[in-house]
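# Descriptive structure summary
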Amino acid sequence: GAGVSQSPSNKVTEKGKDVELRCDPISGHTALYWYRQSLGQGLEFLIYFQGNSAPDKSGLPSDRFSAERTGGSVSTLTIQRTQQEDSAVYLCASSGVENTIYFGEGSWLTVV
Amino acid sequence: GQNIDQPTEMTATEGAIVQINCTYQTSGFNGLFWYQQHAGEAPTFLSYNVLDGLEEKGRFSSFLSRSKGYSYLLLKELQMKDSASYLCAVPPGGSYIPTFGRGTSLIVHP
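### Describing the overall build of chain A
On a plain count of helices and strands, chain A comes out with 0 helices and 11 strands. Reading the helices (α) and strands (β) of chain A from amino to carboxyl end gives β-β-β-β-β-β-β-β-β-β-β. By the compact-globule yardstick of 13 Å for 112 residues, chain A fits well, its C-alpha radius of gyration being 13 Å. Within chain A, the proportion of its 112 residues that are buried is 47%. When contacts within chain A are restricted to residue pairs at least 6 apart in sequence, long-range pairs at least 24 apart make up 52% of them.

Printed below as a string of structure tokens:
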């Protein structure tokens, strides 16, 4: 597609529920990134994919967080048993050969 | 790991020029990014510097000195819409995954 597409744009969920966030990167981009940004805070790196593999998962905050990417394109970030501290905007980004990273509009997650 | 340091907040007047500094420490260097982020929106790409010197792009310019671990973003002819957070990002050595600074919140007033 023309840009990085994320869904849902907004999600309100109850504490303890699981959520899935989807990212569709720019067509042809092999690298895909997930970041998290809490209100008033900087961007926190979560995970990076090169193709379908995730060479760097160092930023995932706990084992409740997981991500996968299939077909070298769409990625899903899953948060199990959500907690209130998971409330944030989850930003997906992708990059191609030029290494410039382009962000999607984000998925705003609120855990109540 | 690395450290990225930017001023937390700056204010400037419409029509003026402002310089936002960024210093960094990294074990290797794979370029430096600047992003603009308006409140409630995703970051948008402004510039990517790999070599020393000044790169100009319209009203925005970005400067890099690798030996000093220093960059700045220069905004000319400021407009109210330039009020935003400006993020400096540097991938650590051996990686192309940018680590972002906390950002500089720029407030442009009439």
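### Quick look at the sheet that holds strand β3 (residues 18-25) of chain B
Residue and element names in this part refer to chain B. Reading across from one edge, β1-β3-β8-β7-β6 is the order of the 5 strands in this open sheet, with antiparallel pairing throughout. Only two strands of the sheet have a single partner each, and these edge strands are β1 (3-5) and β6 (53-57). Averaged over all neighbouring strand pairs, the angle between strand axes comes to 15°, with direction disregarded. As defined by bridge partners, strand β7 (residues 60-65) adjoins strand β8 (residues 70-75) across 6 bridges and the pair is classed as antiparallel. Along β8, the bridge assignment pairs F60 with L75.

### Looking at the state of the cysteines
Applying the stated criterion to the full structure yields 2 disulfides over all chains. Note that C23 of chain A is cross-linked by a disulfide to C92 of chain A, the S-S spacing being 1.9 Å. Residues C23 of chain A and C92 of chain A share a disulfide whose torsion about the S-S bond is about -70°; that sign makes it left-handed. With C23 of chain A in strand β3 (residues 19-24) and C92 of chain A in strand β9 (residues 88-95), this pair connects stretches of sequence that are 69 residues apart. Each member of the pair C23 of chain A and C92 of chain A is classed as buried. With its sulfur 2.0 Å from that of its partner, C22 of chain B forms a disulfide with C88 of chain B. Measuring handedness by torsion sign, the sulfur bridge of C22 of chain B and C88 of chain B sits at about -70° and is left-handed. Here C22 of chain B, found in strand β3, pairs with C88 of chain B, found in strand β9 (residues 84-90); they are 66 residues apart in sequence, far enough to count as distant. Among the residues examined, C22 of chain B registers a relative accessible area of 0% and is labelled buried. By relative accessible area, C88 of chain B is classed as buried at 0%.

### Some remarks on the layout of surface pockets
Of the volumes computed, that of the largest pocket is approximately 640 Å³. Forming the walls of the largest pocket are 31 residues, and the residues nearest its centre are Q37, L39, G40 and Q41 of chain A together with Q37 of chain B. Among the elements of the structure, β9 and β11 (107-111) of chain A together with β1 and β9 of chain B are those that each provide at least two residues to the lining of the largest pocket. In terms of residue class, the lining of the largest pocket is made up of 12 nonpolar, 15 polar and 4 charged.

### Notes on the nonpolar core
Counting residues in each nonpolar core, the largest one holds 21 residues, and the members touching the most others are L32, W34, L75, Y86 and L106 of chain B. Where this core is concerned, the elements lending two or more residues are β2 (9-13), β3, β4 (32-37), β7, β8, β9 and β11 (104-109) of chain B.

### A few points about the pattern of salt bridges
Under the counting rule described, the total for this entry stands at 5 salt bridges over all chains. Ionic pairing is found between D86 of chain A and R64 of chain A, a salt bridge with its closest N-O pair at 2.8 Å. One end of the pair, D86 of chain A, is in the loop between β8 (75-79) and β9; the other, R64 of chain A, is in the loop between β6 (53-56) and β7 (65-69), with 22 residues separating them in the sequence. What makes R64 of chain A buried here is its relative accessible area of 12%. One salt bridge connects R66 of chain B with D52 of chain B, and the closest N-O pair in it is separated by 3.0 Å. One end of the pair, R66 of chain B, is in the loop between β7 and β8; the other, D52 of chain B, is in the loop between β5 (44-49) and β6, and 14 residues separate them in sequence.

### Notes on the packing of aromatic side chains
Residue and element names in this part refer to chain A. Throughout the structure, instances matching the rule amount to 16 aromatic pairs over all chains. Between Y35 and F103 the ring centres are 5.8 Å apart and the planes differ by 50°, which places this aromatic pair in the tilted class. With a gap of 68 residues between them, Y35 in strand β4 (residues 31-37) and F103 in strand β10 (residues 101-103) connect regions that are remote in the sequence. Exposure remark for Y35: the relative accessible area of 0% places this residue in the buried category.

Cut-offs and rules
Sequence order as written defines residue numbering, which begins from 1 separately in each chain. Each chain gets a letter, beginning with A, and each ligand a number, beginning with 1, in the order they are written. Selection of residues for local features in this predicted model requires a pLDDT of at least 70, selection of side-chain atom pairs for listing and counting requires 80 or more, and totals for whole chains, interfaces and linings are taken over all residues. Based on all heavy atoms of the structure, the side-chain values leave hydrogens and waters out of the count. Under the scheme used here, helices are H or I runs from DSSP no shorter than 4 residues and strands are E runs no shorter than 2 residues, and both carry numbers assigned from the N terminus. Based on C-alpha atoms, the radius of gyration is set beside the globule rule, defined as 2.2 Å times the residue count to the power 0.38. Each residue gets one of three labels from its accessible area relative to the maximum for its type: buried under 20%, exposed over 50%, partly exposed in between, using a 1.4 Å probe on protein chains only. Contact between two residues is taken to exist if any of their heavy atoms lie within 4.5 Å; hydrogens are not considered. At least two bridges found by DSSP between two strands are what make those strands a pair. Interaxial angle, 0 to 180 degrees, is taken between N-to-C directions of lines fitted to C-alpha atoms, where a helix line uses only the stretch in contact. A pair of sulfur atoms, both from cysteines and within 2.5 Å, is called a disulfide here. Here a cavity denotes a set of grid points, spaced 1 Å apart and computed over the protein atoms alone, in which a 1.4 Å probe fits but from which it cannot get out, and a pocket denotes an open set meeting protein on both sides within 12 Å along at least five of seven lines; residues with an atom within 4 Å of a point are reported as lining. Grid points are joined across faces, edges and corners, and a volume is the space filled by probe spheres set on the points. Each residue gets one label: Ala, Val, Leu, Ile, Met, Phe, Trp, Tyr, Cys and Pro are nonpolar, Asp, Glu, Lys and Arg are charged, and the others, such as Gly, are polar. To define a nonpolar core, start from buried Ala, Val, Leu, Ile, Met, Phe, Trp, Tyr and Cys residues and group those joined through side-chain atoms within 4.5 Å. Any carboxyl oxygen of Asp or Glu that lies within 4 Å of a side-chain nitrogen of Lys or Arg is treated as forming a salt bridge with it. What counts as a ring pair is set by centres within 6.5 Å for rings of Phe, Tyr and Trp (its six-membered ring), and what kind of pair is set by the plane angle: stacked under 30 degrees, edge-to-face over 60, tilted for all other angles.

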